[in-house]
Amino acid sequence: MSNPAAADAAEPTPDPSSSTPSSPPPALQPQSPPPPADPTHFDAIVLGTGLTNSITAAALVRAGKSVLHIDRNEFYAEHLASFDLVTLLRILGDAAKDSDDPFLGCYDEFEVAVNASDGSTSTTSSEPPAPPAPPALSTDADNPLAEAHAVDNSEKSALHPTPAPAQQPPSTPPADLEALITAYTTDYPSTATLFSHQPTPHSRHALLTLLRTSRQYNLELSPRIIYSRGALVDLLANSGVGRYLEFRPLDRIHLFWDGRTEQVPGSKEDVFGNGSVSLVEKRRLMKFLTFAVGFEETPEVFEDYKGKPYAEFLQAQKLSPRLIAFVLNATALIVEQHALSTLTTEQGLLLTQRHLRSLGRWGKTAFLVALYGAGSELSQAFCRLCAVYGGTYILNFPLAEIITTLSADDGGDVVVAITAKDGTRYTADRLVASPAYVQFLAPELRPKLTSKSVYRCVAIVDRDVHGSSNAAAAADHNQPALTVTAFPPEAVRNGQGVTAIQQSWDVSACPKTQAVIHLSASGDGSSHADVRSALQALVKPSGATVLLAATYRRHQQRVETAHAEEDVWWTAGDRIAVTRDEGGSGLDLEACGDEARSVFTRMMAGAEEAEFLPGVADPADEED
C-alpha cells in the first residue's frame, strides 16, 4: 500500500534513491529566494533533526523565513533514526565509551546475544573492558566481512534510504569494526544473559554471518507507527511530504493474556467472530465501543467519572478484566503501571476514540507502518521540504556554545548566536533546539532536565513469531505479519508493561526470510528482564530462533515546563524554544506535529497570514 498520505488517490511513488533536495518534484519547485544580506544570519536556527524540529523548520521556511538547520550527528532524525545492523551495533557500542556526548550519553547497558551455529547462544556486554583486537584480516578473499563495512551517513542524501545497491564492491572493513566484532563475541563473563546457554567459540562466526548482510536491515532506535486518521497523516497529505514516503498497513494488534497472544478485535465482525469471548462479553464490548466512538454526544454516561481513573470507568461498564485489557493495553496502548493508574477517564476515552476512528481507512487496523522506519523517513522528508524552499542544512556540526547577545539595531533585540569549535559563528532571531543541545546554553538559560529509563530490545528472528511452529509451514507462509503486541504488567513476570512491534521485509526492515522484533518497557522498576521475558514468550510458541538480540537502556530526557500539559520550554524572551525528547516509550508520532504547530504559532505571533505548512499542488492535477 503505497503513499496513503496522499489521501485515497493513487499516484506513483518517487524513486527513493533519486536526487537530493536540489531536484524537487514539479509541484514543490519554489521561486529562487533572494540571497540573504548577511549569509551568517538567519531568521531561525533549528538544532536537531528529530521530527518535531524538522516539521518546525519546514513550516518556518514555507512562511518565508530563512532557516539554518543543524545537527551534531552525521545522520538525520536523532533518537528516531534508523540504521543498518553494523551501524546500530557501532553506535550503541560507542555509547559505552563516550557518556559525555549528548547523543551517545543517552544509551548504556548495551548487550548482544548471538545464536551460534551449533544452536547455542553467546551473550556479551559493553560494560566489561573490550579484549584486544585480533590480527587484521589480510585479504578480501579471506574476509567474511568484505561487505559489512559501515555506512558513511554524512554522504547520504537526506531522502536516500538506508538500503544500499544490491551489489557491493569488496572492501576491507575498518579496524575499529574488527575490534567491535571481537568485543561483542569474545567469551568473557557477562553480568546478565538473555538465554541460559554459555558463550561458545561459534558466536563470532554467527555474528559475522549476520553482518555480511548488514545493509539489508533497517533497525530503528525508537520504532514508531502512525495513526491512519489523524492530524499527522493529514499534515503529510496537505503539505505534499507524503509523496516522498511509502507505507504499509499494520496487519494485527495482539494482547498477551493468560499465557498466550490473542488478536484484538478491530471490527464488529472481529468481535463476534472471536470464539474465546462469551456472547455476553461480546455485547458489552460492542456497546462500549459504539459509545466510545462518539462519547462527547452522551456526556452523562461518564460525568461521574471525570478526573477519575479510566480503569474505574471501564469496570463500571461491566467489562471483564480481559476486555479492560483489550481497551487499556491494546486499544489505548497504555502499558506502563504509572500511566495506567493516572490515566483519567477523559484521556482514556480520547485515546480509545482516536484508535476507533482510525480503523478501516487503510487495512484492518488503525495504523500505518512506514518503510525504512517512520521517525527517520518522516524527519528526512520534512528536511527535504525545508531544503526545497531554501533551508540550509549542516550535519556533523561541531557545536561549542550557544549564546545570546543584543543586536546593534536601535531596538536592541536579543540575537541568538551559535559557535563551532573551529570558530564558525551563525546568528539568528530565534532558536529551536532539542534537549540534546541544552548543555550548550548558558546556565541561566538552561531548563531543568530529568531522565526516565526506557529498556529496549531489538531481536532478529528467523520467522514470524505469530506463525506456525512447523518450520516447513512457516517457510511456505507469506511474509511475517506487521504486528503490535501489548503485554500488560505481570503478564510474563514483567514488572512493567511491554510493547512489541514485529517488522518484516515488507517494510524493508530485514531480509525476506526473517523478522525484526522491537520491544520496550519503561517506568519505575522496569528492567531488561521485562523485555527479555516478553521476547521469550513471543518466540517459544512459534518455535522461532532468535538469531541476534541487542538490549540497551535509553535515557529519555524530560524538560520541566511551567505547566505540566506543555511540552516546549521557552526562554530568552521567547527567543529560544526547547522541544521534547521524541525517543521515549510511546508508539505513535501524533504529538510531534502538534508540538511543531505550537512552536511555529508562537514564533510567528503578530505575523500576517502565517499559515502552518500550506498545501501544495498535486503534479497530477497540474498536468490535467
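It should be emphasised that the depicted structure is a prediction, and the values quoted were computed from it without experimental measurement.

What counts as what
Residues numbered from 1 in each chain as written. Predicted model: local features only at pLDDT ≥ 70, side-chain atom pairs only at ≥ 80, totals over all residues. Heavy atoms only, no water. Helix = DSSP H or I, 4+ residues; strand = E, 2+ residues; numbered from the N terminus. Buried < 20%, exposed > 50% of the residue type's maximum accessible area, 1.4 Å probe, protein only. Contact = heavy atoms within 4.5 Å. Areas by Shrake-Rupley, 256 points an atom, 1.4 Å probe, with all protein chains shown as cover. Core = buried A, V, L, I, M, F, W, Y, C linked by side-chain atoms within 4.5 Å. Domains from an automatic or database assignment. Expected span 1.5 Å × (residues − 1). Axes fitted to C-alpha atoms, helices over the stretch in contact; angles between N-to-C directions. Left-handed = near helix turned anticlockwise from the far one by under 90°. Nonpolar A, V, L, I, M, F, W, Y, C, P; charged D, E, K, R; others polar. Polar contact = N/O pair within 3.5 Å; in protein donor to acceptor, adjacent residues only side chain to side chain. Parallel < 35°, antiparallel > 145°, perpendicular 65-115°, else oblique. 1 Å grid on protein atoms, 1.4 Å probe; cavity = no way out; pocket = protein on both sides within 12 Å on 5 of 7 lines; lining within 4 Å. Points joined across faces, edges and corners; volume = space filled by probe spheres on them.

### Focus: the overall build of the chain
A count of helices and strands for the chain gives 16 helices and 22 strands. Scored against the burial criterion, the 624 residues of the chain give a buried share of 56%. The long-range share in the chain, meaning contacts at least 24 apart out of those at least 6 apart in sequence, stands at 75%. On the chain, roughly 25,700 Å² of surface is accessible, and the fraction owed to carbon and sulfur atoms is 49%.

### A look at the nonpolar core
Judged by nonpolar contacts, the single largest core of 80 residues is most densely connected at I55, L378, F382, L589 and L613. Per-element tally for this core: the top contributor is helix α12 (residues 374–388), with eight residues. When we break this core down by domain, the ones giving at least three residues each are domain 1 (4–78 + 373–448 + 560–610) and domain 2 (102–153 + 170–216 + 452–557). Counting 48 residues, the second-largest nonpolar core is a separate cluster that includes L323, I324, L371 and A486.

### Observations regarding helix α1 (residues 51–62)
Given a rise of 1.5 Å per residue, twelve residues ought to cover 16 Å, and the 16 Å separating the end C-alpha atoms of α1 matches this to within 8%. Counting buried positions along α1 yields twelve of twelve residues, so the element is predominantly enclosed. Along α1, the positions that sit buried rather than exposed are L51, T52, N53, S54, I55, T56, A57, A58, A59, L60, V61 and R62. Of the residues trailing α1, G64 is marked for its positive phi of about 95°.

### What to know about the packing of helix α5 (residues 231–239) against α12
Running from N to C, α5 and α12 point in directions that differ by 35°, and their axes come no closer than 12 Å. Relative to α12, the crossing made by α5 is left-handed. Counted together, L232, L235, L236 and S239 of α5 and L378, F382 and L385 of α12 form the full contact between these two elements. Its residues assigned to classes, the contact of α5 with α12 shows six nonpolar, one polar and no charged.

### Some words on the side chain of H79
Within the secondary structure, H79 sits in the loop between β2 (67–70) and β3 (82–83). For H79, a relative accessible area of 8% translates into the label buried. Of note is the side chain of H79, whose polar atom sits 2.7 Å from the side chain of Y107.

### Some details on the packing of α1 against α12
Two quantities define a packed helix pair, namely the angle between the helix axes and the distance between the axes. Remark: α1 packs on α12, axes separated minimally by 8 Å, with the N-to-C direction vectors making an angle of 20°. Accordingly, the angle class assigned to the pair α1 and α12 is roughly parallel. Relative to α12, α1 is oriented so that their crossing is left-handed. Between α1 and α12, the contacting residues are L51, S54, I55, A57, A58 and V61 on the first element and L378, S379, F382, C383, L385 and C386 on the second. Here the contact of α1 with α12 is built from residues that sort into ten nonpolar, two polar and no charged.

### Observations concerning the layout of surface pockets
When its volume is computed, the largest pocket comes out at roughly 2,100 Å³. Forming the boundary of the largest pocket are 50 residues, of which R558, D567, R580, G586 and A591 lie nearest the centre. For the lining of the largest pocket, the elements supplying multiple residues, two or more each, are α10 (337–342), α11 (345–358), β19 (515–522), β20 (546–559) and α15 (590–603). When grouped by side-chain class, the residues that make up the lining of the largest pocket number 18 nonpolar, 15 polar and 17 charged.

### As for unusual backbone geometry
Notably, D574 is not glycine yet its phi reads approximately 65°, a positive angle. Mapped onto the fold, D574 is located in the loop between β21 (569–571) and β22 (576–578). Residue D574 is classed as partly exposed on the basis of its relative accessible area, which comes to 30%. Located in the positive-phi region is L613, a residue other than glycine, with phi close to 45°. Along the chain, the position of L613 falls in the loop between α15 and α16 (619–623). Since its relative accessible area comes to 4%, L613 is described here as buried.

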